[in-house]
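Per-entry structural report
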Amino acid sequence: TSIAGLTEHDTLWYLMLAELITLSKPRVARTIAQAVRDGSVAYLLNKPYNFLLYHCSVGFGDSALRLVTNALAGGAVVWLQVGPPPHPQGWPLVLVAVALAWLLDFCVSAMIGLAAFVAEEVYAFEWIYQKLLFILGGLLIPLDFYPAWLQTIAKATPFAYTVYGPARLFVEPTLLRFGTVLLGQLAWLAVLMGVLALFYRQGVARLAINGG
């Protein structure tokens, strides 16, 4: 009736939220890469706002609509298959985790987009990142179904806190799990924001060197 503590009901609702996060997240890598390739990044950098925060805000605004639409469609299908979702009492905690997951994804996606300063075409990097989310992030199946050694590796990466953490919290909304997910997300967010800031400074310096 269950595998690794997850029933069929839990697993399908987990997969619904995992897909919801992935399909609704901001698509910033290609947007930033395109701005770098066509030169519009120089125009945007002259504006009185932060380039990265601008793309973060636009991405989150676009994602909000996709989140609602995908949640209604995906939730209706899974509800018909296995019954109602987990208790709504835990949904506020899940929304916090999803928002932080989007920030984690934004940091990685923005770094991929900024790689266009060097590589111009970033599709390959984006493809690799998607596959890491697919396997180590728990998008394919819950990490609980993996062998113990692979679970340990996957849960030590930021990809697990981008997909698995919020989705697993959705089907088991306990304060202990929320605290674990929150601490992991904040820790990785601090690291990735630092790396992103470094990427951004190097990219802007490269733009200045090229006379753009």
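The coordinates are above.
The text that follows walks through the structure, step by step, so that each part is easy to find. (Residues numbered from 1 in each chain as written. Predicted model: local features only at pLDDT ≥ 70, side-chain atom pairs only at ≥ 80, totals over all residues. Heavy atoms only, no water.)

A word on the overall build of the protein chain
- Helix and strand counts for the protein chain stand at 11 helices and two strands.
- Tracing the protein chain from N to C terminus, the helices and strands come up as β-β-α-α-α-α-α-α-α-α-α-α-α.
- Against the globule reference of 17 Å for 212 residues, the protein chain gives a C-alpha radius of gyration of 18 Å, in line with a compact fold.
- Referenced to the eigenvectors of the C-alpha coordinate spread, the extents of the protein chain come out at roughly 65 × 35 × 30 Å.
- Buried residues in the protein chain amount to 45% of all 212 residues.
- For the protein chain, the share of sequence-separated contacts (at least 6 apart) that also reach a separation of at least 24 residues comes to 78%.
- Taken as a whole, the protein chain presents about 10,900 Å² of accessible surface, with 70% of it coming from carbon and sulfur. (Helix = DSSP H or I, 4+ residues; strand = E, 2+ residues; numbered from the N terminus. Rg over C-alpha atoms; globule rule 2.2 N^0.38 Å. Buried < 20%, exposed > 50% of the residue type's maximum accessible area, 1.4 Å probe, protein only. Contact = heavy atoms within 4.5 Å. Areas by Shrake-Rupley, 256 points an atom, 1.4 Å probe, with all protein chains shown as cover.)

Structural notes on the packing of aromatic side chains
- What the rule picks out here adds up to five aromatic pairs.
- Seen from their ring centres, Phe60 and Trp102 are 5.6 Å apart, and the 85° between their planes marks the pair as edge-to-face. Here Phe60 is found in helix H4 (residues 51-82), whereas its partner Trp102 is found in helix H5 (residues 91-114), with 42 residues between them in sequence.
- Geometrically, the ring pair formed by Tyr129 and Phe159 is tilted, given 6.1 Å between the ring centres and 55° between the ring planes. Here Tyr129 is found in helix H7 (residues 123-135), whereas its partner Phe159 is found in helix H9 (residues 158-162), with 30 residues between them in sequence. Neither Tyr129 nor Phe159 differs from the other in exposure class; each is buried.
- Through a chain of ring-to-ring contacts, three or more aromatic side chains come together here, namely Trp13, Trp91 and Phe170. (Phe/Tyr/Trp six-rings, centres within 6.5 Å; stacked < 30°, edge-to-face > 60°.)

Considerations on the environment of Val181
- Summarising the element assignment, Val181 is placed in helix H11 (residues 175-209).
- When the C-alpha atoms of Val181 and Phe106 are compared, they prove to be 18 Å apart, with 75 residues separating the residues in sequence.
- In this structure, Val181 is in contact with Ala97, Tyr161, Gly165 and Pro166, ignoring residues within four places of it in sequence.

Any functional reading would require information that these geometric values do not contain.
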